[in-house]
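So the chains spell out like this:
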Amino acid sequence: VQLAESGGGLVQSGGSLRLSCAASGFTFSRYAMTWYRQAPGKEREFVAGINSSGDRTNYADSVKGRFTISRDNAKNTVALQMNSLKPEDTAVYYCKTTIPGRSSYWGQGTQVTVPS
């Protein structure tokens, strides 16, 4: 299983970024996908999740109305569209999947920086 995030960067407050996670090594369309983030000195926290078919999503309260998770099962990718970014969104963003009976898998992360 491999997960590879991309799309991070430096963006001004109020700006937008679109993160992408490319998945391989498993049957992507069968499993839910989630985005987490970890800010300096803080624990990793849940950001957004999407079910296997893409018709159900859920979000942390801190990002509701600003972030949108989506997936393309034909391309084995999951995206996180982030709008109205704030300095408190600064973190390393990770995608994750859990395969029952096996393990949870994480990508290497992509840095998002929103200067205050």
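Check the entry above for the structure.
Sequence order sets the numbering: in each chain, residues are counted from 1 along the sequence as written. Local features in a predicted model are, by the rule used here, given only for residues with pLDDT of at least 70; side-chain atom pairs are given and counted only at 80 or more, and totals for whole chains, interfaces and linings are based on all residues. Only hydrogens and water are set aside; all other atoms, that is, all heavy atoms of the structure, feed into the side-chain values.

Visitor: Quick question: what am I supposed to make of the overall build of the protein chain here?
Guide: Every helix listed is a DSSP run of H or I at least four residues long, and every strand listed is a run of E at least two residues long, numbered separately from the N terminus. Within the protein chain one finds zero helices and eleven strands. With the principal axes as the frame, the protein chain shows a C-alpha extent of 40 × 25 × 20 Å. Any residue under 20% of the maximum accessible area for its type is buried, any over 50% is exposed, and the rest in between are partly exposed; the area is computed with a 1.4 Å probe on protein chains only. A burial count over the protein chain gives 41% of its 116 residues as buried. By definition in these notes, contact holds between two residues if any of their heavy atoms fall within 4.5 Å. Sequence separation of 24 or more characterises 52% of the internal contacts of the protein chain that already satisfy a separation of 6 or more. In these tables, accessible area is a Shrake-Rupley quantity obtained with a 1.4 Å probe, and a residue counts as shielded only by the protein chains included in the view. If you sum the accessible surface of the protein chain, you get close to 6000 Å²; carbon and sulfur atoms cover 45% of it. None of His or the chain ends enter the tally, which takes Lys and Arg as positive and Asp and Glu as negative. In plain terms, the charge of a residue is placed at NZ if it is Lys, CZ if Arg, CG if Asp and CD if Glu. Here the protein chain carries 13 positive and 8 negative side-chain charges, and the mean point of each set is 5 Å from the other.

Visitor: Help me out: how do you make sense of the state of the cysteines in this one?
Guide: When the sulfur atoms of two cysteines share a covalent bond, that bond is a disulfide. Two cysteine sulfurs form what is called a disulfide whenever their separation falls within 2.5 Å. Taken as a whole and judged by the stated rule, the model has one disulfide. Residue pairing for Cys 21: its cysteine sulfur links by disulfide to Cys 95, the two sulfurs lying 2.0 Å apart. The S-S bond linking Cys 21 to Cys 95 shows a torsion near 50°; that makes this disulfide right-handed. Here Cys 21, found in strand β3 (residues 17-24), pairs with Cys 95, found in strand β9 (residues 91-99); they are 74 residues apart in sequence, far enough to count as distant. We note that Cys 21, like Cys 95, is buried.

Visitor: Could you clarify how one ought to interpret the pattern of salt bridges in this entry?
Guide: Charged atoms that come close allow side chains of opposite charge to pair. Salt bridges are defined by distance alone: a side-chain nitrogen of Lys or Arg within 4 Å of a carboxyl oxygen of Asp or Glu. Under the defined criterion, the tally for this structure stands at four salt bridges. Notably, a salt bridge pairs Asp 61 with Lys 64, separated by 3.2 Å at the nearest N-O pair. When its relative accessible area of 48% is taken as the criterion, Lys 64 is described as partly exposed.

Visitor: What should I look at first to understand the packing of aromatic side chains in this one?
Guide: How two aromatic rings sit relative to each other is given by the distance of their centres and the angle of their planes. For Phe, Tyr and Trp, where Trp contributes only its six-membered ring, two rings pair if their centres lie within 6.5 Å, and the inter-plane angle classes them as stacked under 30 degrees, edge-to-face over 60, or tilted in between. Per the stated rule, a full pass over the model turns up five aromatic pairs. Between the aromatic rings of Tyr 36 and Phe 46, the centroid separation amounts to 5.8 Å while the plane-to-plane angle is 80°, which identifies the pairing as edge-to-face. Highlighted residues: Tyr 36 in strand β4 (residues 33-38) and Phe 46 in strand β5 (residues 45-50), separated in sequence by ten residues. We classify Tyr 36 as buried; its relative accessible area is 17%.

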